[in-house]
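Here is how the chains run, residue by residue.
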Amino acid sequence: MNELHVPVEGRENVANRFAESSEKMKHVPGCLDFMFLNPEEDDNFQIVLTKWESKEDYEAWVNSDSFKHAHKKRRENLDKSPTSGNKIYEYHARHHL
């Protein structure tokens, strides 16, 4: 889970950037689910939630050229990004459907 710190006025911009990610993630080996979540309240964060077949699949994606390419634009345009920071959370699912 990636908690993106985004002021309310920047939410639409960030959501639009992640719109094409959802289609691309369908083709990433081991990715079971990708969700971009907007808060219902005026909290200053948005969430990118991914589910993976295995930790190895997740790590392969994070170390892949496609991941680096997807995040290159963000690294090159930090001064134009409405995102002020983020926090990554990793969980192991002990129980699920």
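Residues numbered from 1 in each chain as written. Predicted model: local features only at pLDDT ≥ 70, side-chain atom pairs only at ≥ 80, totals over all residues. Heavy atoms only, no water.

1. A look at the pattern of salt bridges
Part 1 of the reasoning: Scanning the model with the defined rule gives 4 salt bridges in all.
Part 2 of the reasoning: Across the pair Glu20 and Lys24 runs a salt bridge, and its minimum N-O distance is 3.0 Å. Residue Glu20 and its partner Lys24 are both found in helix H1 (residues 11-25); the two are separated by 4 residues, about one turn of the helix.
Part 3 of the reasoning: Between Glu23 and Lys26 there is a salt bridge; the shortest N-O distance is 3.0 Å.
Part 4 of the reasoning: Judged by its relative accessible area of 58%, Lys26 is exposed.
Part 5 of the reasoning: What you see here is one network of salt bridges that share partners, running through Lys55, Glu59 and Glu90. (Salt bridge = Lys/Arg side-chain N within 4 Å of Asp/Glu carboxyl O. Helix = DSSP H or I, 4+ residues; strand = E, 2+ residues; numbered from the N terminus. Buried < 20%, exposed > 50% of the residue type's maximum accessible area, 1.4 Å probe, protein only.)

2. Points about the sheet that holds strand S1 (residues 2-5)
Part 1 of the reasoning: Taken together, 4 strands build an open sheet; the order of strands is S2-S3-S1-S4 and the sheet is antiparallel. Pairing within the sheet leaves two strands with one partner each, and these edge strands are strand S2 (31-37) and strand S4 (85-88). For this sheet, the mean angle separating the axes of adjacent strands, direction not counted, is 15 degrees.
Part 2 of the reasoning: Packing of H1 onto the sheet brings it into contact with S1, S2 and strand S3 (45-52), and relative to S2 it is tilted by some 165 degrees. (Pairing = 2+ DSSP bridges. Axes fitted to C-alpha atoms, helices over the stretch in contact; angles between N-to-C directions. Contact = heavy atoms within 4.5 Å.)

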